[in-house]
Amino acid sequence: MRTWATPGPPAVFPGVSLVILIVLTTLTMLAIVVLAAAVVLYVAYPHRGQDVPSVPWVGDAMRRGVARLPTVDNLRGGHRPRPGTRARQCR
């Protein structure tokens, strides 16, 4: 009977790497969901010039954070429309 040797040292805890993989995957998925919720919350309220209901400090923090980020202005002349108004359509 022939036995096959496994490469490397024997695993002391064979399921540990699987547990670490599951935990890291779960944390990554949770971070993605939190980021998506923050984007939806920003688009729903502060981007439109409204306060977030029952937690206005979240909207203020989001506005400050977005003001610090670099943006690309796609309008000619650098004119930005006021919140709540629609930009003119390109002709």
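Counting from 1, residues in each chain are numbered in the order their sequence is written. For a predicted model such as this one, the threshold for reporting local features is a pLDDT of at least 70, and the threshold for listing and counting side-chain atom pairs is 80 or more; totals across whole chains, interfaces and linings nevertheless cover every residue. Side-chain descriptors were evaluated using all non-hydrogen atoms of the structure, hydrogens and water having been removed beforehand.

A. Local environment of the overall build of the protein. Each helix and strand counted, the protein has two helices and zero strands in total. Sorting the 91 residues of the protein into buried and exposed places 5% on the buried side. Exposure was quantified through the Shrake-Rupley algorithm and a 1.4 Å probe, taking into account, for residues, occlusion by the shown protein chains and nothing else. If you sum the accessible surface of the protein, you get close to 8,900 Å²; carbon and sulfur atoms cover 66% of it. Helix numbers and strand numbers start at the N terminus; a helix is a DSSP run of H or I with at least 4 residues, a strand a run of E with at least 2. Classification of residues uses two cut-offs on accessible area relative to the type maximum, computed with a 1.4 Å probe and protein chains only: under 20% is buried, over 50% is exposed, and between them is partly exposed.

B. Representation of the packing of helix α1 (residues 16–44) against helix α2 (residues 56–68). Note on method: axes are straight lines fitted to C-alpha atoms, helices fitted across the in-contact stretch only, with angles between N-to-C directions ranging 0 to 180 degrees. Their axes nearest at 11 Å, the elements α1 and α2 cross at an angle of 95°. On the basis of the axis angle, α1 is roughly perpendicular to α2. Side by side, α1 and α2 meet where Ala-38, Leu-41 and Tyr-42 of the first sit next to Val-58, Met-62 and Val-66 of the second. Taken together, the residues of the contact of α1 with α2 sort by class into six nonpolar, no polar and no charged. Between 65 and 115 degrees an angle is taken as roughly perpendicular, under 35 as roughly parallel, over 145 as roughly antiparallel, and anywhere else as oblique. By definition in these notes, contact holds between two residues if any of their heavy atoms fall within 4.5 Å. Ten residues, namely Ala, Val, Leu, Ile, Met, Phe, Trp, Tyr, Cys and Pro, are considered nonpolar, four, namely Asp, Glu, Lys and Arg, are considered charged, and the remaining ones, Gly among them, are considered polar.

C. A look at unusual backbone geometry. The phi dihedral of Ser-54 falls on the positive side, at around 65°, and the residue is not glycine. Relative to the elements of secondary structure, Ser-54 occurs in the loop between α1 and α2.

D. Representation of the pattern of salt bridges. The term salt bridge refers to a side-chain nitrogen of Lys or Arg lying within 4 Å of a carboxyl oxygen of Asp or Glu. Per the stated rule, a full pass over the model turns up two salt bridges. Taking the shortest distance from any N to any O, the salt bridge between Asp-51 and Arg-63 comes out at 3.7 Å. With Asp-51 in the loop between α1 and α2 and Arg-63 in helix α2, the pair connects residues that are twelve residues apart, well separated along the chain. Classification of Arg-63 as partly exposed rests on a relative accessible area of 27%. Salt bridges sharing common partners tie together Asp-51, Asp-60 and Arg-63.

E. View of a nonpolar patch on the surface. Surface patches are drawn from residues lacking salt bridges whose relative accessible area is over 30%; two like charges belong together within 9 Å, two nonpolar side chains (Val, Leu, Ile, Met, Phe, Trp, Tyr) within 5 Å. Taken together, the side chains of Val-16, Val-19, Ile-20, Val-23, Leu-24, Leu-27, Leu-30 and Val-34 make up a nonpolar region of the molecular surface, amounting to roughly 710 Å² of accessible area. Turning to its location among the elements, Val-34 is positioned in helix α1. Taking the relative accessible area as the measure of exposure, Val-34 reaches 51% and is therefore exposed.

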